[in-house]
Amino acid sequence: MKLRSVHVTGRPIQTWPGELTRERKSSTFKAGWSSTIDLLDRELHHLDAENVVLQLAMRESDFRLDGAPKANARATHPGVILSLDSPYGALSYPCDRFTQWADNLRAIALALEALRKVDRYGVTKNGEQYTGWKQLDAARPAWSTDSAAIFIVNAALPDSTDDQLRHHAVNVVESLHIRARMYRKAAARLHPDVAGGNAAQFLRLTSAKKFLDGA
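Caption draft 1: Structural context of the packing of aromatic side chains. Within this structure, the stated rule accounts for two aromatic pairs. Geometrically, the ring pair formed by phenylalanine 29 and phenylalanine 98 is edge-to-face, given 5.4 Å between the ring centres and 70 degrees between the ring planes. Highlighted residues: phenylalanine 29 in the loop between strand 1 (8-12) and helix 1 (33-46) and phenylalanine 98 in the loop between strand 4 (89-95) and helix 2 (101-118), separated in sequence by 69 residues. For phenylalanine 29, a relative accessible area of 26% corresponds to the partly exposed category. Consider the rings of tryptophan 33 and tryptophan 101, whose centres lie 5.5 Å apart with planes at 75 degrees: the pair is edge-to-face. Taken as a pair, tryptophan 33 in helix 1 and tryptophan 101 in helix 2 lie far apart in primary sequence, 68 residues in all. The ring of phenylalanine 151 has arginine 204 lying over it, and the distance from NZ or CZ to the ring centre is 5.1 Å.

Caption draft 2: Layout of the side chain of asparagine 104. For asparagine 104, the position within the fold is in helix 2. A polar contact is formed between the side chain of asparagine 104 and the backbone nitrogen of phenylalanine 98, at a distance of 2.8 Å. Excluding residues that lie within four positions of it along the chain, asparagine 104 makes contacts with Pro78, Gly79, Val80, Cys95, Asp96, Arg97 and Phe98.

Caption draft 3: Representation of the nonpolar core in the model. Grouped together as the largest cluster of nonpolar side chains are 29 residues, with contacts concentrated most on Leu40, Leu44, Val52, Leu54, Leu82 and Leu84. At the level of elements, helix 1, strand 2 (50-56), strand 3 (80-86), strand 4 and helix 2 are the ones that each hand at least two residues to this core. The biggest single contributor to this core is helix 2, with seven residues. Discounting chain neighbours no more than four positions away, the residues touching leucine 44 are Leu3, Val6, Val8, Ala49, Val52, Leu82, Leu84 and Leu112.

Caption draft 4: Quick look at helix 3 (residues 145-156). In a regular helix each residue adds 1.5 Å, so 12 residues correspond to 16 Å; helix 3 covers 17 Å between its end C-alpha atoms and thus fits that length. Within helix 3, nine of the 12 residues are buried, leaving the element largely enclosed by the surrounding structure. Burial in helix 3 covers these residues: Ser147, Ala148, Ala149, Ile150, Phe151, Ile152, Val153, Ala155 and Ala156. Among the structural elements, strand 1, helix 4 (162-174), helix 5 (176-190) and helix 6 (199-214) are those in contact with the buried residues of helix 3.

Caption draft 5: Geometry of the pattern of salt bridges. On inspection of all chains with the given rule, the structure shows 10 salt bridges. The shortest N-O distance in the salt bridge between aspartate 96 and arginine 24 comes to 3.3 Å. Residue aspartate 96 is located in the loop between strand 4 and helix 2, and its partner arginine 24 is located in the loop between strand 1 and helix 1; the two are separated by 72 residues in the primary sequence. Arginine 42 is the partner of glutamate 113 in a salt bridge, and the nearest nitrogen-oxygen pair spans 3.1 Å. Here glutamate 113 is found in helix 2, whereas its partner arginine 42 is found in helix 1, with 71 residues between them in sequence. Salt bridges linked by common partners bring Arg42, Glu43, Glu113, Arg116 and Lys117 together as one network.

Caption draft 6: Looking closely at the packing of helix 3 against helix 4. Relative to each other, helix 3 and helix 4 sit at 115 degrees, their axes nearing to 9 Å. For the element pair helix 3 / helix 4, the angle class is roughly perpendicular. In terms of crossing hand, the pair formed by helix 3 and helix 4 is right-handed. In contact with Thr145, Ala149, Ile150, Ile152, Val153 and Asn154 of helix 3, helix 4 contributes Leu165, His168, Ala169, Val172 and Val173. Classifying every residue of the contact of helix 3 with helix 4 gives eight nonpolar, three polar and no charged.

Caption draft 7: Spotlight on the pairing of strand 2. With six of its seven residues buried, strand 2 lies for the most part within the structure. Where strand 1 and strand 2 come together, five bridges link them in parallel fashion. Bridging across to strand 2, proline 12 finds its partner in leucine 56. Read from strand 1 through helix 1 to strand 2, the crossover connection turns out left-handed. Bridge analysis of strand 2 against strand 3 gives five bridges, and the strand direction is antiparallel. Bridge pairing links glutamate 50 to aspartate 85 in strand 3.

The rules behind each value
Residues numbered from 1 in each chain as written. Predicted model: local features only at pLDDT ≥ 70, side-chain atom pairs only at ≥ 80, totals over all residues. Heavy atoms only, no water. Phe/Tyr/Trp six-rings, centres within 6.5 Å; stacked < 30°, edge-to-face > 60°. Helix = DSSP H or I, 4+ residues; strand = E, 2+ residues; numbered from the N terminus. Buried < 20%, exposed > 50% of the residue type's maximum accessible area, 1.4 Å probe, protein only. Lys NZ or Arg CZ within 6 Å of the ring centre and 35° of its normal. Polar contact = N/O pair within 3.5 Å; in protein donor to acceptor, adjacent residues only side chain to side chain. Contact = heavy atoms within 4.5 Å. Core = buried A, V, L, I, M, F, W, Y, C linked by side-chain atoms within 4.5 Å. Expected span 1.5 Å × (residues − 1). Salt bridge = Lys/Arg side-chain N within 4 Å of Asp/Glu carboxyl O. Axes fitted to C-alpha atoms, helices over the stretch in contact; angles between N-to-C directions. Parallel < 35°, antiparallel > 145°, perpendicular 65-115°, else oblique. Left-handed = near helix turned anticlockwise from the far one by under 90°. Nonpolar A, V, L, I, M, F, W, Y, C, P; charged D, E, K, R; others polar. Pairing = 2+ DSSP bridges. Right-handed = clockwise from strand over helix to strand, strands pointing away.

Coordinates in, geometry out; function isn't part of it.
In structure tokens:
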């Protein structure tokens, strides 16, 4: 799911942290979906967020290749978990207070905005306001076959169309030779020792390949 400047991968919720809210309420938000996306994109951009994952109470098959939920997908409950890597570490924000998952996502975006504004007044100097949201391992989504293959192809061929992405992802899953070739191409772009490399993304690339090799 491509926002204005940040890519968000949609995944099923695997483990909900704690208990789900028993008595949810309708939100009073007046803003629409487009406004929520704009707000979320702005806050993720300010946070220098990477590897952003939006977990919803849906099946793997309910997500499109670009990570967005399909138009006819229905969540079994409205809880959402937004997980990301940031300069302050891995962070995770669960919310199921409201009856619609889009409203819960807006609540998280508003919370990110409020946390960022704390810095405006000089109250914190090193992002201490994010400490309470450090991500637990249980909230970190594991790879699926599709998501691991798509990540490798995106890293190797970042300008692929959706059809090309789908075609290459299938080949990466089915062929060890093609998987190794795509991995080498992606590693040449992401390795931290090369110009423009990214250590965090390189580690995810290695993790995705190990997952597929094991699967």
